[in-house]
Amino acid sequence: DAGVTQSPTHLIKTRGQQVTLRCSPKSGHDTVSWYQQALGQGPQFIFQYYEEEERQRGNFPDRFSGHQFPNYSSELNVNALLLGDSALYLCASSNSGTRTEAFFGQGTRLTVV
Amino acid sequence: KNEVEQSPQNLTAQEGEFITINCSYSVGISALHWLQQHPGGGIVSLFMLSSGKKKHGRLIATINIQEKHSSLHITASHPRDSAVYICAVGSNFGNEKLTFGTGTRLTIIP
């Protein structure tokens, strides 16, 4: 079992560009959550996807959008990148039907220049 | 005030010492998670608990629901325990959005 996999691991983008980050959940998991972790801070919840729908959303602007595919994998899209979007983006997967702990990927480190 | 507060923010100890990291929260929860994050960034789940105490190897986690407080203990600490330890709380088992503390940076000196 590969666990939660994220791609790419590192990314450098220019201000104003758009970026897409990808996450494959752990086998058997159907729920994917995305978090943003700024340097020296704890992760902040962006949104959660279940059954291909956004189920919950944190306090992030509409520039942050996502998608979940039938195979439960997910994408996080960020438009009109700002310098402040530079952070580690973490994906976590869980199973909605059981009391399971969340499993996290290694993260994608995004740098906006 | 943050919903999840951890203390201390930084902790340096000698190898072999007993380590305690504390977490207090102000919201109702279904479960509290203790997580470990190494410099590469990836997060590993150590414990998920909703009551009492759990033990895994040299790690022990306790929670007091009435006092809204949890502790993570490390016995016989080792330099490989050096990492950031993060407390997170969730409000809905299996479907939960997690709210994180800012973490405790632990350094164990040989």
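Here, the structure is the one placed above.
Report on the accompanying structure. Computed from a predicted model, the values in this text were never measured in an experiment.

**Thoughts on the state of the cysteines**
All names here are of chain A.
Right, so step 1: For the structure shown, the criterion picks out two disulfides over all chains.
Right, so step 2: With its sulfur 1.8 Å from that of its partner, C23 forms a disulfide with C91. On the sign convention where negative is left-handed, the bridge of C23 and C91, at about -55° about the S-S bond, is left-handed. Of this pair, C23 sits in strand β3 (residues 19-24) while C91 sits in strand β9 (residues 87-94), and the two are 68 residues apart along the sequence. In this structure, C23 and C91 share a single accessibility class: buried.

**Remarks on the environment of N79 of chain A**
Residues and elements named next belong to chain A.
Right, so step 1: Of note, N79 is situated in the loop between β8 (74-78) and β9.
Right, so step 2: Considering only alpha carbons, one finds N79 and S94, 15 residues apart in sequence, at a separation of 27 Å.
Right, so step 3: Every residue in contact with N79, bar those within four places of it in the chain, is listed here: Q17, Q18 and R63.

**As for the side chain of Q6 of chain B**
Residues and elements named next belong to chain B.
Right, so step 1: Along the polypeptide, Q6 turns up in strand β1 (residues 4-7).
Right, so step 2: A distance of 3.1 Å separates a polar atom in the side chain of Q6 from the backbone nitrogen of G103.
Right, so step 3: Non-local contacts of Q6, meaning those with residues more than four positions away in its chain, are made with I21, N22, C23, W34, Y85, I86, C87, G101, T102, G103 and T104.

**Looking at the interface of chain B and chain A**
Right, so step 1: Chain B puts 19 residues into the contact, and the matching count from chain A is 25 residues.
Right, so step 2: Interface area for chain B against chain A, summed over the two sides, is near 1,700 Å², with a carbon-plus-sulfur share of 53%.
Right, so step 3: Where chain B packs against chain A, one counts zero salt bridges.
Right, so step 4: At the surface where chain B touches chain A, the tally comes to two residue pairs in polar contact (both at pLDDT 80 or more).
Right, so step 5: Going through the elements one at a time, β4 (31-37), β5 (43-49) and β10 (98-100) of chain B are the ones with two or more residues in the side of chain B that touches chain A.
Right, so step 6: Residues that form the side of chain B that touches chain A fall into these classes: seven nonpolar, 10 polar and two charged.

**Structural notes on the pairing of strand β4 (residues 31-37) of chain A**
Remark: a regular strand shows side chains that alternate across the two faces of the sheet.
Residue and element names in this part refer to chain A.
Right, so step 1: The element β4 is extensively covered by neighbouring structure, given that seven of its seven residues are classed as buried.
Right, so step 2: With burial as the criterion, each face of β4 is covered, one bearing T31, S33, Y35 and Q37 and the other bearing V32, W34 and Q36.
Right, so step 3: Alignment of β4 against strand β5 (residues 44-50), held across six bridges, turns out to be antiparallel. Counterpart to Y35 in the pairing with β5 is F45.
Right, so step 4: Linking β4 back to β5 in an antiparallel pair, the connection comprises six residues, with G40 at a positive phi of about 80°.

**Comments concerning the layout of surface pockets**
Right, so step 1: The space that makes up the largest pocket amounts to roughly 460 Å³.
Right, so step 2: Lining the largest pocket are 21 residues, and of these Q37 and G40 of chain A together with Q37, V84 and R105 of chain B sit closest to its centre.
Right, so step 3: Elements supplying a minimum of two residues to the lining of the largest pocket: β9 of chain A together with β9 (83-90) and β11 (104-109) of chain B.
Right, so step 4: Across the lining of the largest pocket, the residue classes tally to seven nonpolar, 12 polar and two charged.
Right, so step 5: Here the second largest pocket defines a volume of roughly 310 Å³.
Right, so step 6: Taken together, 17 residues line the second largest pocket, and the ones lying closest to its centre are P43, Q44 and F45 of chain A together with T99 and F100 of chain B.
Right, so step 7: The set of elements that each furnish at least two residues to the lining of the second largest pocket consists of β5 of chain A together with β10 of chain B.
Right, so step 8: The greatest single-element share of the lining of the second largest pocket, amounting to three residues, is contributed by β10 of chain B.

Calculation notes
Residues numbered from 1 in each chain as written. Chains lettered and ligands numbered in written order. Predicted model: local features only at pLDDT ≥ 70, side-chain atom pairs only at ≥ 80, totals over all residues. Heavy atoms only, no water. Disulfide = S-S within 2.5 Å. Helix = DSSP H or I, 4+ residues; strand = E, 2+ residues; numbered from the N terminus. Buried < 20%, exposed > 50% of the residue type's maximum accessible area, 1.4 Å probe, protein only. Contact = heavy atoms within 4.5 Å. Polar contact = N/O pair within 3.5 Å; in protein donor to acceptor, adjacent residues only side chain to side chain. Buried area = accessible area lost by both parts, 1.4 Å probe. Salt bridge = Lys/Arg side-chain N within 4 Å of Asp/Glu carboxyl O. Nonpolar A, V, L, I, M, F, W, Y, C, P; charged D, E, K, R; others polar. Pairing = 2+ DSSP bridges. 1 Å grid on protein atoms, 1.4 Å probe; cavity = no way out; pocket = protein on both sides within 12 Å on 5 of 7 lines; lining within 4 Å. Points joined across faces, edges and corners; volume = space filled by probe spheres on them.

So yeah, pure geometry; function would need other evidence.
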